[in-house]
Structure formats: C-alpha cells, structure tokens
Amino acid sequence: MKFLLRILLSAGAVLILANVLPGVTVTSFTVALIVAIVLGLLNFIVKPILVILTLPITILTLGIFLLFINAIIILLADAFIDGFAVSNIWWAIIFSLLLSFLQSIFFSLLKEDKKS
C-alpha cells in the first residue's frame, strides 16, 4: 500500500512540475502515473549502471555529474513515453532537482502521517 501511495505522490509531483515548468509537458494524470513508474524503474535498473560507468568523472566533478545522470534518466523516460516531453537537458536537470525536492516533501508528510 505504501508503494502505491508513493507512486501516486510522485505522479502528482510530475503533474505539478509539468504545469509550472514551461519546458516540461504531461498530457494527463495517466501519463504522469506512467512517468512515475518508468522513472522508478529507470532509477532502479539504469542509474546504478550509469553511476558505476561514470564514477571517475563524478569524482572529478565532486558529484555534480550526477545531475547530468539524473537528466539523462529523465530524457530516457521522455523517449519511452508518449505524452511526456522535456524540451532539453537543462529543463531535465531543473525537472529532476524539483522532482526530488517535491518527492522529499511529499514522502516526509507521508511518514509524519503514519506516526500520528
């Protein structure tokens, strides 16, 4: 149940960001739900491989290159999903940063709700 709630909150965050950022478009809530699932799968499967392959440049840039890895994951999701579009890598970086921020807020609210 907690996993489904996290997916729904992530989809809500994707919808919010698509309405706020001019370089990101999502056509419907269903597409946002698919984006949340695909991003979760890509972060689980592809991201660790990319992090290991780019470890030297990540160390050299003191971790800043991880922003580009996140943007690449976003652009991969863009390539896989019709109805989700990110105009360029800079919007993907901004989307990735803001999505992480919104998810941390939403998930912290979820944890606080469980305690009370």
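Residues numbered from 1 in each chain as written. Predicted model: local features only at pLDDT ≥ 70, side-chain atom pairs only at ≥ 80, totals over all residues. Heavy atoms only, no water.

Here's the deal with the overall build of the chain
Right, on to step 1. When helices and strands are counted, the chain shows five helices and two strands.
Right, on to step 2. Moving toward the C terminus, one meets the helices and strands of the chain in the order α-β-α-α-α-β-α.
Right, on to step 3. Relative to the compact-globule value of 13 Å for 116 residues, the chain shows a C-alpha radius of gyration of 15 Å, a close match.
Right, on to step 4. In terms of overall dimensions, the chain has C-alpha extents of about 45 × 35 × 25 Å along its principal axes.
Right, on to step 5. Out of the 116 residues in the chain, the part that is buried amounts to 34%.
Right, on to step 6. Of all intrachain contacts in the chain linking residues separated by at least 6 positions in sequence, the fraction that spans at least 24 positions is 60%.
Right, on to step 7. Summing over all exposed atoms, the chain offers an accessible surface of approximately 7,100 Å²; the carbon and sulfur share of this is 75%. (Helix = DSSP H or I, 4+ residues; strand = E, 2+ residues; numbered from the N terminus. Rg over C-alpha atoms; globule rule 2.2 N^0.38 Å. Buried < 20%, exposed > 50% of the residue type's maximum accessible area, 1.4 Å probe, protein only. Contact = heavy atoms within 4.5 Å. Areas by Shrake-Rupley, 256 points an atom, 1.4 Å probe, with all protein chains shown as cover.)

A word on the packing of helix α2 (residues 29-53) against helix α4 (residues 65-80)
Right, on to step 1. Contact geometry for α2 and α4: axes closest at 10 Å, N-to-C directions at 135°. Here α4 runs oblique to α2, going by the angle between their axes. Between α2 and α4 lies a crossing whose hand is right-handed. Where α2 approaches α4, its residues Val-38, Leu-39, Leu-42, Asn-43, Val-46, Lys-47, Leu-50 and Val-51 are matched on the opposing element by Leu-66, Ile-69, Asn-70, Ile-72, Ile-73, Ile-74, Leu-76, Ala-77 and Phe-80.
Right, on to step 2. Here the residues of the contact of α2 with α4 sort into 14 nonpolar, two polar and one charged. (Axes fitted to C-alpha atoms, helices over the stretch in contact; angles between N-to-C directions. Parallel < 35°, antiparallel > 145°, perpendicular 65-115°, else oblique. Left-handed = near helix turned anticlockwise from the far one by under 90°. Nonpolar A, V, L, I, M, F, W, Y, C, P; charged D, E, K, R; others polar.)

Some words on the environment of Ile-73
Right, on to step 1. If you trace the backbone, Ile-73 turns up in helix α4.
Right, on to step 2. With relative accessibility at 1%, the residue Ile-73 sits in the buried group.
Right, on to step 3. When neighbours within four sequence positions are excluded, Ile-73 is seen to be in contact with Leu-39, Leu-42, Asn-43, Val-46, Lys-47 and Leu-50.

Thoughts on α2
Right, on to step 1. With 25 residues, α2 should reach 36 Å at 1.5 Å per residue; the first-to-last C-alpha distance of 34 Å fits that figure.
Right, on to step 2. Residue Val-46 marks the point of greatest curvature in α2, where the axis turns by about 40°; the proline Pro-48 follows within four residues.
Right, on to step 3. Looking at α2, one finds that the buried residues are Val-31, Ala-32, Val-35, Ala-36, Val-38, Leu-39 and Leu-42. (Expected span 1.5 Å × (residues − 1). Bend = angle between axes of the 7 residues up to and from the residue.)

A short note on the packing of helix α1 (residues 2-20) against α2
Right, on to step 1. It is the contact of α1 with α2, at a shortest axis distance of 8 Å, that shows an interaxial angle of 115°. Judged by the sense of rotation from one axis to the other, the crossing of α1 with α2 is right-handed. Residues Ile-7, Leu-8, Ser-10, Ala-11, Gly-12, Val-14 and Leu-15 of α1 lie in contact with α2, whose contacting residues are Phe-29, Ala-32, Leu-33, Val-35, Ala-36 and Ile-37.
Right, on to step 2. Classifying every residue of the contact of α1 with α2 by side-chain character gives 11 nonpolar, two polar and no charged.

Points about unusual backbone geometry
Glycine aside, a negative phi is what most residues show, and trans is what most peptide bonds show.
Right, on to step 1. The phi dihedral of Leu-62 falls on the positive side, at around 55°, and the residue is not glycine.
Right, on to step 2. With respect to the secondary-structure elements, Leu-62 resides in the loop between α3 (55-60) and α4.

Side note on the side chain of Ser-10
Right, on to step 1. Structurally, Ser-10 can be placed in helix α1.
Right, on to step 2. Assessed through its relative accessible area of 8%, Ser-10 is described here as buried.
Right, on to step 3. If we ignore the near neighbours within four places in the chain, the residues touching Ser-10 are Ala-36, Leu-99, Gln-103 and Phe-107.

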